[in-house]
Structures are given as structure tokens and as C-alpha cells.
Amino acid sequence: GNSVTQMEGPVTLSEEAFLTINCTYTATGYPSLFWYVQYPGEGLQLLLKATKADDKGSNKGFEATYRKETTSFHLEKGSVQVSDSAVYFCALANTGNQFYFGTGTSLTVIP
Amino acid sequence: DAGVTQSPTHLIKTRGQQVTLRCSPKSGHDTVSWYQQALGQGPQFIFQYYEEEERQRGNFPDRFSGHQFPNYSSELNVNALLLGDSALYLCASSPLSSDTEAFFGQGTRLTVV
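Residues numbered from 1 in each chain as written. Chains lettered and ligands numbered in written order. Predicted model: local features only at pLDDT ≥ 70, side-chain atom pairs only at ≥ 80, totals over all residues. Heavy atoms only, no water.

### Concerning the side chain of threonine 65 of chain A
Here threonine 65 of chain A lies in strand β8 (residues 62-65). Not counting the four nearest positions on each side in its chain, threonine 65 of chain A is found in contact with Asp54, Asp55, Lys56, Ser72, Phe73 and His74 of chain A. (Helix = DSSP H or I, 4+ residues; strand = E, 2+ residues; numbered from the N terminus. Contact = heavy atoms within 4.5 Å.)

### Some thoughts on the sheet that holds strand β7 (residues 56-59) of chain A
Residues and elements named next belong to chain A. Overall, antiparallel pairing links the 4 strands, which are arranged β3-β9-β8-β7 in an open sheet. Each of the sheet's edge strands pairs with one partner strand only, and the pair in question is β3 (19-21) and β7. Each strand of the sheet is rotated relative to its neighbour by a mean of 15°, with strand direction disregarded. Pairing analysis gives 4 bridges linking β7 to β8, with the strands arranged antiparallel. By the bridge assignment, glycine 57 is partnered in β8 with alanine 64. (Pairing = 2+ DSSP bridges. Axes fitted to C-alpha atoms, helices over the stretch in contact; angles between N-to-C directions.)

### A short note on the packing of aromatic side chains
Evaluation of the coordinates by the stated rule reveals 16 aromatic pairs over all chains. For the ring pair tyrosine 35 of chain B and phenylalanine 45 of chain B, a centre distance of 5.6 Å and an interplane angle of 65° mean the geometry is edge-to-face. One end of the pair, tyrosine 35 of chain B, is in strand β4 (residues 31-37); the other, phenylalanine 45 of chain B, is in strand β5 (residues 44-50), with 10 residues separating them in the sequence. Each member of the pair, tyrosine 35 of chain B as well as phenylalanine 45 of chain B, carries the same accessibility label: buried. Taken together, the aromatic side chains of Phe34, Tyr36, Phe89, Phe99 and Phe101 of chain A together with Tyr35, Phe45 and Phe104 of chain B make up a single cluster linked through ring pairs. It is lysine 26 of chain B that lies over the ring of phenylalanine 103 of chain B; its NZ or CZ is 5.0 Å from the centre. (Phe/Tyr/Trp six-rings, centres within 6.5 Å; stacked < 30°, edge-to-face > 60°. Buried < 20%, exposed > 50% of the residue type's maximum accessible area, 1.4 Å probe, protein only. Lys NZ or Arg CZ within 6 Å of the ring centre and 35° of its normal.)

### Quick word on the state of the cysteines
If you walk through the whole model with that rule in mind, you get 2 disulfides over all chains. Paired through a disulfide, cysteine 23 of chain A and cysteine 90 of chain A show a sulfur-sulfur distance of 1.9 Å. Between cysteine 23 of chain A and cysteine 90 of chain A, the S-S dihedral sits near -70°, and the bridge is therefore left-handed. Within this pair, whereas cysteine 23 of chain A is found in strand β4 (residues 23-26), its partner cysteine 90 of chain A is found in strand β10 (residues 86-93), the two being separated by 67 residues in sequence. The class for cysteine 90 of chain A is buried, based on a relative accessible area of 1%. The disulfide partner of cysteine 23 of chain B is cysteine 91 of chain B, and the S-S distance across this bridge is 1.8 Å. Disulfide cysteine 23 of chain B-cysteine 91 of chain B: torsion about the S-S bond near -60°, hence left-handed. You can see cysteine 23 of chain B sitting in strand β3 (residues 19-24) and its partner cysteine 91 of chain B sitting in strand β9 (residues 87-94), a full 68 residues away along the chain. By the burial criterion, cysteine 23 of chain B is buried, and cysteine 91 of chain B matches it. (Disulfide = S-S within 2.5 Å.)

### Some points on the side chain of glutamine 6 of chain A
All names here are of chain A. As for its placement among the helices and strands, glutamine 6 is situated in strand β1 (residues 3-6). By relative accessible area, glutamine 6 is classed as buried at 7%. At 2.8 Å, the side chain of glutamine 6 and the backbone oxygen of tyrosine 88 are in polar contact. One polar contact links the side chain of glutamine 6 to the main-chain amide nitrogen of cysteine 90, over a distance of 3.0 Å. Apart from residues no more than four positions distant in its own chain, glutamine 6 is found in contact with Ile21, Asn22, Cys23, Trp35, Tyr88, Phe89, Cys90, Gly102, Thr103, Gly104 and Thr105. (Polar contact = N/O pair within 3.5 Å; in protein donor to acceptor, adjacent residues only side chain to side chain.)

So this is what it looks like as C-alpha cells:
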């Protein structure tokens, strides 16, 4: 079946620290992989995506590389800001646009 | 482009009641999916509608039903509400032609008391 496992939170970092949020997946076929971000009281916003192995998705300083050999899609950012505080969801989608989400990782960045 | 819009934003219902949530997809999108996000959890797929038919369904009971209209907008209905149905309900729209694109609305926060 399809499932996503992501790093348990919460994560607290100081501003300008390096961020890694781990994500691994199990899937049938060749899924697309995503990171979504959710700010308090809001819906999901697409942060980045990768549609095939070895693709790198990037946006707003965040990056993630689709690693088929390790079934992973870890999220990284070199220098976090207070405004990055949010909940981050790793997700996969197979044919038919049905998304499977991880449980989310809460990030708090302190000045 | 208004994106995906959902209404209402918040709703309080009593156990046993019925509720209807609404979603208007992004312009040009013909497929609508519904997700339930319980507090502290990731969204769980409820079902997907295309051409006014339910195309896929997740592991949710028949109390959860839906509808899609000719203009692609959609409704989610939940009957015989339980306390455990309290959650954020998210609508996602996508073009059927794409397997890698979904835009989410802001959600409807349902509280069952």
C-alpha cells in the first residue's frame, strides 16, 4: 500500500539554524512526492514537489530530493527564519491524485 | 483566480445532526477531493469526484457522502454526526489530466458537541 512516515516533532530551532525533516515512504508504482506547509488556522500550501527519482524540488530556500533507493524525500533548509514556523507535511500521490500524508512535523523558530 | 474556496469556515453541530460542507474548485479544475484532518494528524482521504461521480473512496463509513455539480463545485455531507467527526475538512481540486497537482482550500473547521 501507500504510506508516509515523517519525523516526529515538535522541532525547535534558533533563527539561521539548519533544518532537516526526515520523510520516508512506501508506495506502489512511481509516486510523486510533495511537501506541504500549514500555518496556524489555515489550509495546506504546496511548498515543493518532485515527480520522479533524483528530481530535486525547491522553493523559498527549502529543498528535497526524491531518493528512490532509500525511499526518502527529506526536507532541508540552510538557514531558517521565524516566519518558517509552521507544520510541515510530507505527502505522496499516485495515479488519480489521491494524496497520502504523514502526520506532520511542527517547527518553531525562535529569534 | 480565487483558488479553492470552502464554506463555511467554522461550524458547530450537535451529535446526531447532519452537516453539509461546500467547495468551489480552482478555475479550470474538474476533479474535487475531500480530506479529513483530525487535530494533530495529517489529512486523510475521504473521496474524490469527477464528472459528478464518486471516482475513488477512502476508508470512511457511508455516513460520509458527497456530490459534484455540473459547474464542478462539490458538497460533503456527513450524517449522524459523532464527536469523533470533529476535524478540519479540506477540499482539494485538480485537473484530471494531471497526477501531480492539487490545490487545497482553507478548510472548514467542524466541531461536534
